[in-house]
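Each chain is listed here by its residues.
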Number of protein chains: 2
Amino acid sequence: MDKQSFRQMGYEIIDWIADYMESGYDGPVNPPVKPGAMRAQLPKSAPEQPESPAQIMADFKSMILPNTLHWNDPRFYGYFPCNHSGPAILGDLLGNGLGVNAMSWATCPSATELEIQVMQWLGKAIGLEWPGVIQDTASTGVFCALLAARESVANGNRDGFYDSAPLVAYTSDQAHSSLLKAMRMAGLGDRYMRLVPTLEDQSMDTDVLVRMIDEDIEAGHRPFFICGTIGTTSTTAVDPILEISEIADEYDIWFHVDAALAGTAALLPEMEWLMEGVEQADSFLFNPHKWMFTSFDCCAFFIKDPAALKHALSIQPEYLKTAADGAVENFRDWSIQLGRRFRALKLWFVLRLYGLEGIREKIRLHLAMTQDFARWVEDQPGLHLFGTPRIQTVCFHLGENESTKALMERINATGEAFMTHTVVQGQYLIRVSFGQAHGSWETLDRLKATIQGCLDAG
Amino acid sequence: MDKQSFRQMGYEIIDWIADYMESGYDGPVNPPVKPGAMRAQLPKSAPEQPESPAQIMADFKSMILPNTLHWNDPRFYGYFPCNHSGPAILGDLLGNGLGVNAMSWATCPSATELEIQVMQWLGKAIGLEWPGVIQDTASTGVFCALLAARESVANGNRDGFYDSAPLVAYTSDQAHSSLLKAMRMAGLGDRYMRLVPTLEDQSMDTDVLVRMIDEDIEAGHRPFFICGTIGTTSTTAVDPILEISEIADEYDIWFHVDAALAGTAALLPEMEWLMEGVEQADSFLFNPHKWMFTSFDCCAFFIKDPAALKHALSIQPEYLKTAADGAVENFRDWSIQLGRRFRALKLWFVLRLYGLEGIREKIRLHLAMTQDFARWVEDQPGLHLFGTPRIQTVCFHLGENESTKALMERINATGEAFMTHTVVQGQYLIRVSFGQAHGSWETLDRLKATIQGCLDAG
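As the structure is a prediction and not an experimental result, all values here were calculated from the model.

The rules behind each value
- Residues numbered from 1 in each chain as written.
- Chains lettered and ligands numbered in written order.
- Predicted model: local features only at pLDDT ≥ 70, side-chain atom pairs only at ≥ 80, totals over all residues.
- Helix = DSSP H or I, 4+ residues; strand = E, 2+ residues; numbered from the N terminus.
- Rg over C-alpha atoms; globule rule 2.2 N^0.38 Å.
- Contact = placed C-beta atoms within 7 Å.
- Least-squares fit on C-alpha atoms with pLDDT ≥ 70 in both.
- Nonpolar A, V, L, I, M, F, W, Y, C, P; charged D, E, K, R; others polar.
- Expected span 1.5 Å × (residues − 1).
- Bend = angle between axes of the 7 residues up to and from the residue.
- Buried ≥ 20, exposed ≤ 12 C-beta atoms within 10 Å, placed from the backbone.
- Core = buried A, V, L, I, M, F, W, Y, C linked by C-beta atoms within 7 Å.
- Axes fitted to C-alpha atoms, helices over the stretch in contact; angles between N-to-C directions.
- Parallel < 35°, antiparallel > 145°, perpendicular 65-115°, else oblique.
- Left-handed = near helix turned anticlockwise from the far one by under 90°.
- Pairing = 2+ DSSP bridges.

Concerning the overall build of chain A
Secondary structure summary: chain A contains 13 helices and eleven strands in total. Whereas a compact globule of 458 residues would reach a radius of gyration of roughly 23 Å, chain A reaches 23 Å, a difference of no more than 12%. Taking the principal axes of its C-alpha atoms as reference, chain A extends roughly 60 × 60 × 45 Å. Sequence separation of at least 24 residues holds for 74% of the intrachain contacts in chain A that already meet a minimum separation of 6.

What to know about the relation of the copies chain B and chain A
Under the fitted operation, chain B is carried onto chain A by 0.0 Å of movement along the axis and a turn of 180°, and the coordinates agree to an RMSD of 0.0 Å. Look at the turn and shift together and you get a two-fold axis relating the two. An overlap of 100% is found between the interface residues of chain B and their copies at the interface of chain A, pointing to a shared contact surface.

Brief notes about the interface of chain B and chain A
Counting residues at the interface gives 117 residues for chain B, matched by 117 residues for chain A. In terms of residue count, the dominant contributor to the side of chain B that touches chain A is helix H1 (residues 3-23) of chain B (14 residues). Taken together, the residues of the side of chain B that touches chain A break down into 63 nonpolar, 33 polar and 21 charged.

Here's the deal with helix H11 (residues 344-379) of chain A
Taking 1.5 Å per residue as the helical rise, H11 of chain A with its 36 residues ought to reach 52 Å, whereas the 44 Å between its terminal C-alpha atoms falls clearly short. In H11 of chain A, a bend of some 85° at glycine 355 of chain A exceeds every other bend along the element.

Some details on H1 of chain B
Between its first and last C-alpha, H1 of chain B extends 30 Å over 21 residues, near the 30 Å set by a 1.5 Å rise per residue. By the burial criterion, the buried members of H1 of chain B are Phe6, Met9, Gly10, Ile13, Ile14, Ile17, Ala18, Tyr20 and Met21 of chain B.

Notes on the nonpolar core
Core analysis: the largest hydrophobic core is formed by 302 residues, its most contacted members being Leu146 of chain A together with Leu146 of chain B. Among all residues touching leucine 146 of chain A, those that are not within four sequence positions of it are Ala169, Ala182, Met183, Ala186 and Phe225 of chain A.

Looking at the packing of helix H12 (residues 401-413) of chain B against helix H13 (residues 441-457) of chain B
All names here are of chain B. The contact between H12 and H13 brings their axes to 9 Å, and the two run at 125°. As the angle between them shows, H12 and H13 are arranged oblique. Crossing handedness for the pair H12 and H13: right-handed. Across the interface between the two elements, Leu407, Arg410 and Ile411 from H12 touch Thr450, Ile451, Cys454 and Ala457 from H13. For the contact of H12 with H13, the per-class residue count stands at five nonpolar, one polar and one charged.

Quick word on the packing of helix H3 (residues 86-98) of chain A against helix H3 (residues 86-98) of chain B
Closest axis-to-axis distance for the H3 of chain A/H3 of chain B pair is 10 Å, and the angle between their directions is 160°. In this view, H3 of chain A runs roughly antiparallel relative to H3 of chain B, as classed from their interaxial angle. Here the hand of the crossing between H3 of chain A and H3 of chain B comes out right-handed. Contacts between H3 of chain A and H3 of chain B involve Ile89, Asp92, Leu93, Asn96 and Gly97 of chain A on the former and, on the latter, Ile89, Asp92, Leu93, Asn96 and Gly97 of chain B. Broken down by class, the residue content of the contact of H3 of chain A with H3 of chain B amounts to four nonpolar, four polar and two charged.

Topic: the sheet that holds strand S3 (residues 193-196) of chain B
All names here are of chain B. One open sheet holds the seven strands; their spatial order is S1-S7-S6-S5-S4-S2-S3, and the pairing between them is mixed. The open sheet has two edge strands with one neighbour each: strand S1 (132-135) and S3. When strand polarity is set aside, the average angle formed by the axes of neighbouring strands in this sheet is 20°.

Description of the environment of arginine 340 of chain A
All names here are of chain A. Counting through the fold element by element, arginine 340 comes out in the loop between helix H10 (307-313) and H11. Considering only alpha carbons, one finds arginine 340 and histidine 421, 81 residues apart in sequence, at a separation of 34 Å. Among residues more than four places away in sequence, those in contact with arginine 340 are Asn101, Ala102, Met103, Phe331 and Arg332.

A few points about the pairing of strand S7 (residues 299-303) of chain B
Residues and elements named next belong to chain B. Burial analysis of S7 places five of its five residues in the buried class, the great majority of the element. Here S7 shows two buried faces, one formed by Cys299, Phe301 and Ile303 and the other by Ala300 and Phe302. Taken together, the four bridges between S1 and S7 define a ladder with antiparallel strand orientation. Bridging across to S7, glycine 132 finds its partner in phenylalanine 302.

Overview of the sheet that holds strand S10 (residues 420-424) of chain B
All names here are of chain B. The four strands lie next to each other as S8-S9-S11-S10, forming an open sheet whose pairing is antiparallel. Strand pairing shows two members of the sheet lacking a second neighbour, strand S8 (384-386) and S10, which therefore form its edges. Each neighbouring strand pair of the sheet contributes to a mean axis angle of 40°, computed without reference to strand direction. The pairing of S8 with strand S9 (residues 393-397) spans three bridges and is classified as antiparallel. Bridge assignment links phenylalanine 386 to a residue of S9, and that residue is cysteine 395. Across the face of the sheet, H12 comes into contact with S9, S10 and strand S11 (427-433) while running at roughly 30° to S11.

This is the structure we're talking about:
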């Protein structure tokens, strides 16, 4: 690919993205496709000779787009917002242009130093003064927190855990499944993952937490990890972080706080309550790739004292030693992977091109849209609002599970809105997750009209 | 950031990348910087108000670039090639533009189906007919392989490994450190990681491997994982894969093959010998982000039977269930992370815009440059070639360790070439790792001249 074709195709893609960001996709937000249908259109082998940019762009438009769930279309209300934005896309483009590997300070000083600094900016903006590092996802982040916790109880154990008392982890029954996956990967067993029951508002019942810890100690186990959640996946419930931190402190247990989705809201002074007690914890994360317009993947992981994490993950073969070791942070020792992208660039772009006020303005809009939509749900005959939305997710139902499910399927079949479900306390719930970078009062009106149409047709 | 500014800054970055790819960086390839120096220039907090694209680009040029090790400059011969290319950069840009999350088939059918297909293309091109998935890095890949192996011996064990016989893994003393990290993360202990001694050519001594396995069985341990390497990090040594596969088969041990760097060479018919025996193994990986011009991160991970891997990593909370489950692959069950980028797009771009022949042509050039450089080293008085380069790395020394180290430091201080070291059999070695996307006979001449200058000055 020569310089001229690169520039030409580059401009074309930039233009395509600019239009896509402005107008969304001109087909259904969620494609009505069958498994294997797209793959059947693809050749069986890679081409031997080069193909043209024009052919590829044509295939992209005719084949990829109609088989894509459009996460960045304002009609997308499923799962969680997974936002890109102009600044993030351009920051990542520049990072790919450099193409460095930021595994150690010496392998790219600018990448490590910018990462330290933008993570400090971000921590400060949410009221946290801990060192931070960018992980790819919250799954990796919670796994790292768990490994640090394991290291801090089994200090220097390099013999495996065959002779250890079972290590027990605790989280609420509404917490994210990545914690169970982390326990399993770490070889500590699903069996020792306690799911603490939740109260009426889906927050952790700390009385039961204490009882479970006592029972485990009684049984000769070693409680070592508690994960609290600020903004659960199903209903954005918030655990009593301060209270849990006191329990963790009393029993000398590592306390990790998962605010993967909701953490962004802590940028707002009026939402500071979200962070109450977090500074008493040991580690904390949130995902700018969810609600802070920083393209996936970008998980902001903070840790009060990184010593245990680095001790757990540091391995120094000869070919990775550098003259700067000891005087610098080598972020490869803060995570699973050795190689690392220059992800700080996109975060730097987002923070500078939006400014904190620019981000806050968008978040406030999303929170206001959430409240407006919740009131609208309450006003619709037949629709029941579930709980009291305090962040950016509204859950509702029709009373009966099968008809709720049927309504969601009708809505999604229109192609004019996409939402996903959960089940809480036996109740099938439709989740509407706000936070689209390109959402507006006008797109909210369209959402209401779409749901109204499906209710009328039901 | 409005549409017009996005387009303008996008064009500017595309132009900057086009120039950077053509000419490299106009300063030293490796910057002579002190820890903390760049960070001291950065503000202490994120800006409250938006800043302009012009300010950011100016900071990028005046601050980031002079503090960057330029991995994609043709003067970079350190570590391993970590190549970007025009096609990969554009494919990733388009993927970021879509901004989907490819965790499940249903969360983006096009991403999963394209990934299945391009991995099939890639497997076919190197003679492997196993299903494949894109992992971020080889560290994650080998960890997944190890978890699959663990699952296949401890089938369905969800109680942790407290009551298990110790599980033992084997690899050569020249293998990559990520395997030890994987053992430690999996809770199986550094202690049960056996580093099998190597022969004169740095390949695994399989007689000792068999002896170690027998001793472990004798001691009541359970051998469960062997990792063979095609192209070790230090000297690109190649383990006897076919022989190891027979041993693994006899003892019923999972056999993983790590060809992170060298795998790309298997695209050439004349290098098919590299893959001999691989189809007898259980899993295999190589990194297109190393030597196949596919920007980091892109690790091609193949597995003969993914059942154990999926069993090890699958967790199905209600909010992730989709109507298509059971009929499709959900790649979140093939890896650590839940969220996934649409990485197949960049691989699709690379394979189509280069074509397999276009890639082979570049690889052949790099192999020829390697041989030419090795002969040149042999011809220089005082320089000693270490071993016989068979892939793309040349190791050499001056006889005495301190003077070899001093020579490397002199070369790197010129800013006209960057290389890194290793130690093998007590010998300090300078490694020259070929494979730059923009390398040529002319850049090779400049390398020789730089080294010659440092020898003359030494």
